[in-house]
Amino acid sequence: TAPLKVSQREANGLAWTHYTPTSNGRPVDIAMVDYKGNSLVIMMFSHIDEREALYQTVFLPMVDSAK
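Read on for an overview of the structure. None of these values were measured; they are calculated from a predicted model. (Residues numbered from 1 in each chain as written. Predicted model: local features only at pLDDT ≥ 70, side-chain atom pairs only at ≥ 80, totals over all residues. Heavy atoms only, no water.)

What follows is about the environment of S39. The topology assignment puts S39 in strand 5 (residues 38–45). For S39, a relative accessible area of 51% puts it in the exposed group. When neighbours within four sequence positions are excluded, S39 is seen to be in contact with V33 and D34. (Helix = DSSP H or I, 4+ residues; strand = E, 2+ residues; numbered from the N terminus. Buried < 20%, exposed > 50% of the residue type's maximum accessible area, 1.4 Å probe, protein only. Contact = heavy atoms within 4.5 Å.)

Okay, structure coming up:
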């Protein structure tokens, strides 16, 4: 499905936009931000049963630590 903007998150002075499309019926989390004329993208594909745990323990820490 087309990505839906679900939230914004401030981390390391960057304003990340979070999108949640699906791919082959599985959830995808995408965080995007413009940084000095470039785009930074963090993407996570997961199984629906594992998505929330991975979102909290892998995806958000990646966004929060990106510089």
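Another point: the packing of aromatic side chains. One pass over the structure, following the stated rule, counts 1 aromatic pair. Centroid distance Y55 to F59: 5.6 Å. Interplanar angle 20 degrees. Geometry classified as stacked. One end of the pair, Y55, and the other, F59, are both in helix 1 (residues 51–65), 4 residues apart, so they sit about a helical turn from each other. Looking at R51, its charged tip hangs above the ring of Y55, at a distance of 4.3 Å from the centre. (Phe/Tyr/Trp six-rings, centres within 6.5 Å; stacked < 30°, edge-to-face > 60°. Lys NZ or Arg CZ within 6 Å of the ring centre and 35° of its normal.)

Below, the discussion takes up the nonpolar core. A11, L14, W16, A31, V33, I42, M44, Y55, F59, L60, V63 and A66 form the largest nonpolar core, which has 12 residues in total. For this core, the secondary structure elements donating two or more residues are strand 2 (14–19), strand 4 (26–35), strand 5 and helix 1. Of the residues forming this core, the biggest block, 4 residues, is contributed by helix 1. Every residue in contact with Y55, bar those within four places of it in the chain, is listed here: H18, D29, M44, L60 and P61. (Core = buried A, V, L, I, M, F, W, Y, C linked by side-chain atoms within 4.5 Å.)

Before going further, it helps to spend a moment on the pairing of strand 2. Here 6 bridges tie strand 1 (residues 5–11) to strand 2, and the two strands are oriented antiparallel to one another. Each residue of the ladder has a partner; that of Q8, found in strand 2, is T17. In this antiparallel pair of consecutive strands, strand 1 and strand 2, the connection spans 2 residues, and N12 shows a positive phi of 55 degrees. Across 3 bridges, the pairing between strand 2 and strand 4 is antiparallel. Following the sheet pairing, H18 is matched in strand 4 by A31. (Pairing = 2+ DSSP bridges.)

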